[in-house]
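The chain contents come next:
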Amino acid sequence: MNTFTYRYPVIVYFGEGAAAKNLPAELARVGRNVMLAYGGGSIKRNGVYDELMNLLKAAGKTVTEFSGIMSNPTYAKVQEGARLARKNDIDFILAVGGGSVIDCCKVISAQAKTQEDLWDVETVLHGSPTGFIPIGAVVTAFGTGAEMNNGAVITNEAKRVKGPLWGAFYDFAILDPAYTMTMPMSQVISGSFDALSHCMETYMGSPRETNLSDEISEACQRSIIRNLRATLRNPQDIKARSELVWAAAMGENGMLKIGKVTDFQAHMLEHQLGAYTDCNHGQGLAVIHPVLFRHMLPEAAPQFARLAVDVWGVDPAGKTELELAGAFIDALAAFIREAGLPTTFAQMGIPADTAFKAIADTTVLTAGCCKKFTRDELLAVLLECR
Ligand code: NZQ
Ligand code: ZN
């Protein structure tokens, strides 16, 4: 276990009715001018908008709406939100949606407080934002765990990069599984796979010896697999959905990373794929993971072998470590097919002549990965995914 400091700033209100129960007290703590931020309008169709608007009005707030936050949010959208927040003297931002809305608002919170260009501040000058508008999250699509960390994934269209920007931590996050019941099934599945990927990517980092974080990760992975299967059998299973919502939050709230260096090479590759294709995040990961993992044999064999036995229930009797490692990748690939996730870029509508070399050449090479990938190897992975 590496040395670590642990502090957790986000209050989580979990369960059915969590907004009605907890939002009034939270709203009483913040100023009058509230920005209600959301995506393309799903919250208007499923009643979440009306419920939250009533709570905001009852709390006497002046509401400024900021809508149209797209999947894979852009830096231009961040700037639009920051301008609106400044113009309306916003005291508090309520972000309502999935990872895209939640990420976008983390950075709006910081950008609204400075005239400097945050992309330059963070990626060129290696500085960090210092001032923030307070923010709260209402999760309507689970998977990313974005509500429990202060990292945002933003697409800078001008630079053709989809990359991390640090923003604000949410003061609180409302996780009501019932709010997620109207998610399209394809998003339930891709979100679940994203959560599984976060657990695996953290698990692949060093140290190689088992620590408590890895054992909690194994439990999260088993929970995601079991509850996604239950959800595939019965999409209305609220108990299974509740487990998935919390497992996804656990995947990215830093708990599994305690005492570890993380990997996240699959994520880095998928993010750059997103910069060039605007693809669905969880689906991109589902295509990339098995291919990338096969390229990580034999370097990652100890971790893969352990996942085979402790997560996927492979019988270790008579098998070498390498055979078990292969069995893990086979089990993962079979699960991806079972869930109906895509197994090739073609199935995602990504053309075979996409600029894969440019994607490989601009992908971040992660230091924590068991295997140090070269750009040529990443290109080979991308080409195999076609
Ligand atoms: O925009 P609306 O109309 O709301 O529709 C959304 C969107 O089309 C819909 N949706 C959300 N809640 C719904 C619903 N539809 C019906 N009923 C509901 N209750 O779902 C669609 C997808 O939403 P989006 O927020 O884009 O999905 P997701 O949560 O997967 O977020 C993806 C973004 O998060 C980033 C990804 O890269 C991507 O940009 N990530 C953020 C991370 C973080 N900050 O920790 C970690 C992840 O690895 C990831 O990179
Ligand atoms: Zn992810």
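Residues numbered from 1 in each chain as written. Chains lettered and ligands numbered in written order. Predicted model: local features only at pLDDT ≥ 70, side-chain atom pairs only at ≥ 80, totals over all residues. Heavy atoms only, no water.

Further remarks concern the pattern of salt bridges. Once their charged atoms are close, side chains differing in charge can pair, the charge on each being opposite to the other. Summed over all chains, the structure comprises twelve salt bridges. A salt bridge links K77 to E80; the nearest nitrogen and oxygen atoms lie 3.3 Å apart. Of this pair, K77 and E80 both sit in helix α4 (residues 75-87), three residues apart, roughly one helical turn. Taking the relative accessible area as the measure of exposure, K77 reaches 10% and is therefore buried. On the basis of relative accessible area, E80 is assigned to the partly exposed category, the value being 36%. A salt bridge links K260 to D214, with the nearest nitrogen and oxygen atoms 3.0 Å apart. With K260 in the loop between α9 (238-251) and α10 (265-277) and D214 in helix α8 (residues 212-233), this residue pair connects regions lying 46 residues apart in the sequence. (Salt bridge = Lys/Arg side-chain N within 4 Å of Asp/Glu carboxyl O. Helix = DSSP H or I, 4+ residues; strand = E, 2+ residues; numbered from the N terminus. Buried < 20%, exposed > 50% of the residue type's maximum accessible area, 1.4 Å probe, protein only.)

The terminal C-alpha atoms of α8 lie 32 Å apart, and with 22 residues this matches the ideal 32 Å at 1.5 Å per residue to within 8%. The backbone nitrogen of S213 lies 3.2 Å from a side-chain oxygen of the residue at the head of α8, namely N211. (Expected span 1.5 Å × (residues − 1). Polar contact = N/O pair within 3.5 Å; in protein donor to acceptor, adjacent residues only side chain to side chain.)

What follows deals with the site of ligand 1. Looking at ligand 1, there are 32 residues lining it, with G40, S42, S71, S100 and H198 nearest. The separation between an oxygen atom of ligand 1 and a polar main-chain atom of G41 is 3.1 Å. Within the backbone of Y179, an N or O atom sits 3.0 Å from a nitrogen atom of ligand 1. Out of a free accessible area of 960 Å², ligand 1 has 88% covered by protein chains. In terms of residue count, helix α5 (residues 99-111) provides more of the shell around ligand 1 than any other element does, four residues in total. (Near = heavy atom within 4 Å. Areas by Shrake-Rupley, 256 points an atom, 1.4 Å probe, with all protein chains shown as cover.)

Let's shift gears to the coordination of the zinc ion (ligand 2). All of the protein donors around the zinc ion (ligand 2) are D194 (OD), H198 (NE2), H267 (NE2) and H281 (NE2); their distances to the metal are 1.9 to 2.1 Å. In the primary structure, the donors to the zinc ion (ligand 2) are separated according to the pattern D-x3-H-x68-H-x13-H. Of the two residues, D194 and H198 are both situated in helix α7 (residues 185-203); the distance of four residues between them amounts to about one turn of the helix. Of the two residues examined, D194 and H198, each falls in the buried class. (Donors = N, O, S within 2.8 Å, 3.2 Å for Na, K, Ca; no water.)

Turning next to the sheet that holds strand β2 (residues 33-38). The six strands are arranged β1-β8-β5-β4-β2-β3 in an open sheet whose pairing can be described as parallel. What marks the edges here is a single partner per strand, and that holds for β1 (11-14) and β3 (62-66). Strand-to-strand twist across the sheet, computed as the mean angle between neighbouring axes with direction ignored, equals 20 degrees. Relative to strand β5 (residues 135-139), strand β4 (residues 92-97) runs parallel, the two sharing five bridges. Note on β5: the bridge partner recorded for G97 is V139. In the packing of α4 onto the sheet, contacts are made with β2 and β3, and the angle to β3 comes to roughly 160 degrees. Sheet contacts for α9: β1 and β8 (172-175); angle to β1, the most-contacted strand, approximately 170 degrees. (Pairing = 2+ DSSP bridges. Axes fitted to C-alpha atoms, helices over the stretch in contact; angles between N-to-C directions. Contact = heavy atoms within 4.5 Å.)

Right, let's get into the packing of aromatic side chains. Under the definition given, this model contains eleven aromatic pairs. With 6.3 Å between their ring centres and 70 degrees between their planes, F14 and W246 make a pair best called edge-to-face. One end of the pair, F14, is in strand β1; the other, W246, is in helix α9, with 232 residues separating them in the sequence. For W246, a relative accessible area of 35% puts it in the partly exposed group. Between W312 and F335, the ring centres sit 5.5 Å apart and the planes meet at 65 degrees, which makes this aromatic pair edge-to-face. Residue W312 is located in the loop between α12 (301-310) and α13 (321-338), and its partner F335 is located in helix α13; the two are separated by 23 residues in the primary sequence. Across from the ring centre of Y49, 4.7 Å away, lies the NZ or CZ of K44, which sits over that ring. When the ring centre of F373 is taken as reference, the NZ or CZ atom of K371 above it lies at 5.6 Å. (Phe/Tyr/Trp six-rings, centres within 6.5 Å; stacked < 30°, edge-to-face > 60°. Lys NZ or Arg CZ within 6 Å of the ring centre and 35° of its normal.)

Moving on to the packing of α7 against α8. Running from N to C, α7 and α8 point in directions that differ by 165 degrees, and their axes come no closer than 9 Å. Between α7 and α8, the angle falls in the class roughly antiparallel. Between α7 and α8 lies a crossing whose hand is left-handed. Contacts between α7 and α8 involve M185, V188, I189, S192, A195, L196, C199, M200 and Y203 from the first element and D214, S217, E218, C220, Q221, I224, I225, L228, T231 and L232 from the second. Residue composition of the contact of α7 with α8, by class: 13 nonpolar, four polar and two charged. (Parallel < 35°, antiparallel > 145°, perpendicular 65-115°, else oblique. Left-handed = near helix turned anticlockwise from the far one by under 90°. Nonpolar A, V, L, I, M, F, W, Y, C, P; charged D, E, K, R; others polar.)

Each domain of the protein chain was delimited in the assignment, giving domain 1 (11-180) and domain 2 (185-384). One C-alpha centre belongs to domain 1, the other to domain 2, and the line joining them spans 27 Å. Each partner contributes residues to the interface: domain 1 has 20 residues there, and domain 2 has 23 residues. At the junction of domain 1 with domain 2, the criterion picks out zero salt bridges. (Domains from an automatic or database assignment.)

This brings us to the environment of G98. Topologically, G98 is positioned in the loop between β4 and α5. A sequence separation of 33 residues divides G98 from E65, and the C-alpha atoms of the two residues are 17 Å apart. The residues contacting G98, other than those within four sequence positions of it, are T140 and A141.

Here the focus is unusual backbone geometry. Put simply, L297 and P298 share a cis peptide bond, and its omega is 5 degrees. On the secondary structure map, P298 appears in the loop between α11 (281-295) and α12. Unusually for a residue other than glycine, D89 sits at a positive phi of about 55 degrees. Relative to the elements of secondary structure, D89 occurs in the loop between α4 and β4. Taking the relative accessible area as the measure of exposure, D89 reaches 55% and is therefore exposed.

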